[in-house]
Amino acid sequence: MPAALDQHLPRDWWTSAVVYQIYPRSFADGDGDGIGDLRGVLDHLDHLEHLGVDVVWLSPVYRSPQDDNGYDISDYHDVDPVFGSLADLDEVVAALHARGIRLVMDLVVNHTSDEHAWFEESRFSRGSDRRDWYWWRPPREGHTGGEPGAEPTDWRSFFSGPAWTWDEATGEYYLHLFSRKQPDLNWENQQVRQAVYAMMRWWLARGVDGFRMDVINLVSKPATLTDGDASHAVVDGPRMHEFLHEMHQEVFAEHPRAFLTVGEMPGVDVDEARRYTDPERQEVDMVFQFEHVDLGIGPGGKFDRVPVTMPQLRESLMRWQTGLAERGWNSLYWDNHDQPRAVSRFGDDDPVWRERSAKTLATVLHTLRGTPYVYQGEELGMTNLPFAGPEELRDIESLNHLAERQAGGASVEELLPGVREVGRDNARTPVQWTAGPGAGFSEGEPWIGVNLNHTEINARAQVGVAGSVLEHYRALIALRHDEPVVARGGVTPLAMEHPDLWAFGRDFGDARLLTLASFTREPISLPEDLLDGWREADVAISTSPEAAAGVQDGGVLLGWESVALVRRG
Ligand code: NOJ
C-alpha cells in the first residue's frame, strides 16, 4: 500500500471527501480506437490531482458485451479488452493511490450479462444447478409461451418492452428489469449472495477502496411476483436491509483499510435512506437518491417532460438535508452518466450565462451537507448536445424508447425533444480536453459525437485560469477539506418562499456559513434580514469578486452568481 494513502481515518472519513466519476468510455482514449480506456485515465491523472478530489468512482470496466456500455457484465474478475487489461487497472489503482486518491468500483449485481457463465449454465436446462440463480417463471396460466401477453407478469422493463424474455429451449421466461441482455440475479438464493461477496472481497484484496452499488435497492424481490407497477414491487424489497447488513458483515466488517460504500437507490425516500445509512445498522455509508432528478417525469414516463421550477428542486433537496440531519448520509449530485448535463438542465447554458450558472450550481451543491460527486466534464461546464436525429444516438434506453414509440405510431419529430432533453447520451459525449480535433479525447473516430463547443469549453482553456468553472470547483473542493462547517455542519434552509434565490445557513461549533445563490438572470435584492451580521463576514467563496461586493456592499446578488460567507463566534 503506497504511503500516500492514510488508512488511519475515522470510519466516516468520506464526510469531507469529494468523489469524481469517470465514465471510461467517454473520458479519454489512450489507444486511438475512438473508445475511452484505462490508458486514457492514466493520461489524465494530473487533472484529478489538480482538482483535488479524494475518490474516483469508475463506471464498469469489467468484461462485457457492452449492451448497456458495461452495465452488463460477463466476467466480474476481468477487464474488457476495449478498456485495457487487469494490469492496466492495477496501474490505475496504484497511480491514484500514489496521489492520495481512492478508487471505488462500480458493483453491478442486480443483474449480469446474459453472456455471463452463471446465466449460460442457468439457461442450459431446468435441472441446472444454477437454474435458481436467476428468475425463471412459466408462462401466464392459460397462455402459450412466447405469444403476446403470456409473460408471467405485466412488468415493463426500464428500457422499454416487457421485463420478461421467453426462452424457447427450456420453455420458461427469465426476468430482466433492464435490457434482455441483463437478466436479474436471484438474491433469495444464498449461493448467489455468497458469490457476490467473494467477488467483492477479491477486488478489495486487489487494492480497490469500495463500491458504488448499481440499483442495489432492487435486488430483493417479493416472494410472489404479481401484475402491477414493477418499480413498486421491487424498490426497497422485503429483505433489502437484511441483505445489505449481511454484505457489510461478510465483506467490510473485518476489512482493515478505509473504504466507501454507496448504494445507488432509485425510488428511495428520506425515511428509508436514513435506515440504509444509519451507522448503527451497518448497511451502506451513503445513498445515491433520485428524487430531484425525477421531478420532471411526466405521466408518460421519463421522456414525457413536465417543467420543474427552482423552488421545486430546492424543496426536494432541502427536505433531504433536514431529513438526514441527525442520522444518515446522502450523496450530492446534479448529473452523472444517466442524466443530462447539469448546466443545461438546472442552469442556463446560453453562452452569456453558462459559466456563471455552472459555478453557481457548484456553489450550492458543494456547500450543502453530504458527499458531493463531480461527473466528468461537469467541472468544465460541459453542456448537452442537441442530437440532430436518431442516427447520432447510442444509448440503448433512448433507442429502445424511439423504436417502441415509433412502432406505436409516434413520429421521430414528436419523440426527439424528450430524448434531447434527458437522454443519457448528453452525458456521454467525450470529455473536452482541448480545442483541437476530437477535443483531445481521441486520435481516432469517437464512438459518439463530440460537442462542437469544445473549441470554447475545454480543460486546457480552464486549468489555472482564475474565474474558470474548473478553478471554482477546485476552490470548492478545497473549502470542504479545510472548513469543518462545510463538511460536518448543520443546515438551515432560508428564504424558502423566494422564487429565484437559493439560500441556506450552515453551522458547526462557533463557525457559521451562509450560501446565497441566484437562479435567474436578473439581479436579486436580498431580503435585509438575511444579511444581518454578514456584511463584514469573510468571503469563503464567490463566483466573482463583483458578486461578493454586490452582496456585502449593495445587498444585491447579480444574475446567476453565488457567494458563501463565513464567520466565527
Ligand atoms: C444504473 C446505471 O447507472 C445505468 O447506467 C444502468 O443502465 C442501469 N443501472 C442498469 O445497470
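Residues numbered from 1 in each chain as written. Predicted model: local features only at pLDDT ≥ 70, side-chain atom pairs only at ≥ 80, totals over all residues. Heavy atoms only, no water.

Visitor: Please set out the pattern of salt bridges residue by residue, giving values where relevant.
Guide: In this structure the tally under the stated criterion is 44 salt bridges. Between Glu91 and Arg39 there is a salt bridge whose closest N-O contact spans 3.1 Å. Here Arg39 lies in helix α2 (residues 38-43) and Glu91 lies in helix α4 (residues 86-98), a separation of 52 residues in the sequence. Assessed through its relative accessible area of 37%, Glu91 is described here as partly exposed. With relative accessibility at 33%, the residue Arg39 sits in the partly exposed group. The salt bridge partner of Glu264 is Arg212, with a shortest N-O separation of 3.1 Å. (Salt bridge = Lys/Arg side-chain N within 4 Å of Asp/Glu carboxyl O. Helix = DSSP H or I, 4+ residues; strand = E, 2+ residues; numbered from the N terminus. Buried < 20%, exposed > 50% of the residue type's maximum accessible area, 1.4 Å probe, protein only.)

Visitor: So what's going on with the domain arrangement of the protein chain? Which residues, and what values?
Guide: For the protein chain, the assigned domains read domain 1 (13-110 + 190-385 + 429-455), domain 2 (111-184) and domain 3 (490-568). In this structure, domain 1 and domain 3 have C-alpha centres spaced 30 Å apart. Summed over both partners, the interface of domain 1 with domain 3 buries about 2200 Å², with 69% contributed by carbon and sulfur atoms. A salt bridge links Asp348 to Arg521, with the shortest nitrogen-to-oxygen separation between them at 2.7 Å. (Domains from an automatic or database assignment. Buried area = accessible area lost by both parts, 1.4 Å probe.)

Visitor: Got a sec to walk through the site of the ligand? Specific residues and values, please.
Guide: Residues in close proximity to the ligand total 13 residues, the closest being Asp68, His111, Asp214, His337 and Asp338. The separation between an oxygen atom of the ligand and a polar side-chain atom of Asp214 is 2.8 Å. Contact distances for the ligand include 2.4 Å between an oxygen atom and a side-chain N or O atom of Asp338. When the free accessible area of the ligand is taken as 300 Å², the share hidden by the protein chains comes to 97%. Both domain 1 (13-110 + 190-385 + 429-455) and domain 2 (111-184) contribute no fewer than three residues apiece to the shell around the ligand. (Near = heavy atom within 4 Å. Polar contact = N/O pair within 3.5 Å; in protein donor to acceptor, adjacent residues only side chain to side chain. Areas by Shrake-Rupley, 256 points an atom, 1.4 Å probe, with all protein chains shown as cover.)

Visitor: Got a sec to walk through the sheet that holds strand β2 (residues 55-58)? Specific residues and values, please.
Guide: Whether parallel or antiparallel, the strands of a sheet pair through hydrogen bonds between backbone atoms. Taken in spatial order, the eight strands line up as β11-β10-β9-β5-β2-β1-β15-β14 in an open sheet, and their pairing is parallel. On the outer flanks of this sheet lie β11 (286-288) and β14 (331-332), each paired with one strand and no other. Against the sheet, α4 touches β2 and β5 (102-107), its axis set at about 140° to β5. (Pairing = 2+ DSSP bridges. Contact = heavy atoms within 4.5 Å. Axes fitted to C-alpha atoms, helices over the stretch in contact; angles between N-to-C directions.)

Visitor: I'd love a proper account of the nonpolar core, names of residues and values included.
Guide: In this structure, Met105, Trp187, Met200, Phe211, Met247, Trp334 and Trp502 are the most contacted members of the largest nonpolar core, which totals 136 residues. Tallying contributions element by element places helix α6 (residues 190-206) first for this core, with eight residues. When residues no more than four places from it in sequence are discounted, the contact partners of Trp334 are His292, Val293, Leu313, Leu317, Ala342, Phe346, Leu361, Ala362, Val364, Leu365, Glu378 and Trp502. In terms of nonpolar packing, the next biggest core, distinct from the first, is built from 17 residues, Trp135, Leu175, Leu177 and Leu218 among them. (Core = buried A, V, L, I, M, F, W, Y, C linked by side-chain atoms within 4.5 Å.)

Visitor: Can you lay out the packing of helix α13 (residues 396-407) against helix α14 (residues 412-422) for me, pointing to particular residues and giving the numbers?
Guide: With their axes 10 Å apart at the nearest point, α13 and α14 run at an angle of 150° to one another. With respect to each other, α13 and α14 are oriented roughly antiparallel. The interaxial crossing formed by α13 with α14 has right-handed handedness. Facing α13, whose interface residues are Ser398, His401, Leu402, Arg405 and Gln406, α14 presents Val412, Leu415 and Val419. (Parallel < 35°, antiparallel > 145°, perpendicular 65-115°, else oblique. Left-handed = near helix turned anticlockwise from the far one by under 90°.)

Visitor: Describe the sheet that holds strand β18 (residues 511-518), naming the residues involved and giving the relevant values.
Guide: Taken in spatial order, the five strands line up as β16-β17-β18-β22-β20 in an open sheet, and their pairing is antiparallel. Looking at the sheet topology across the chains shown, the edges are occupied by β16 (490-494) and β20 (538-542). In this sheet, neighbouring strand axes are inclined to one another by 20° on average, regardless of whether the strands run parallel or antiparallel. Judged from the five bridges that link them, β16 and strand β17 (residues 501-508) form a sheet pairing that is antiparallel. Bridging across to β17, Gly490 finds its partner in Asp507. Lying on the sheet, helix α10 (residues 310-323) is in contact with β16 and β17; it crosses β17 at an angle near 15°.

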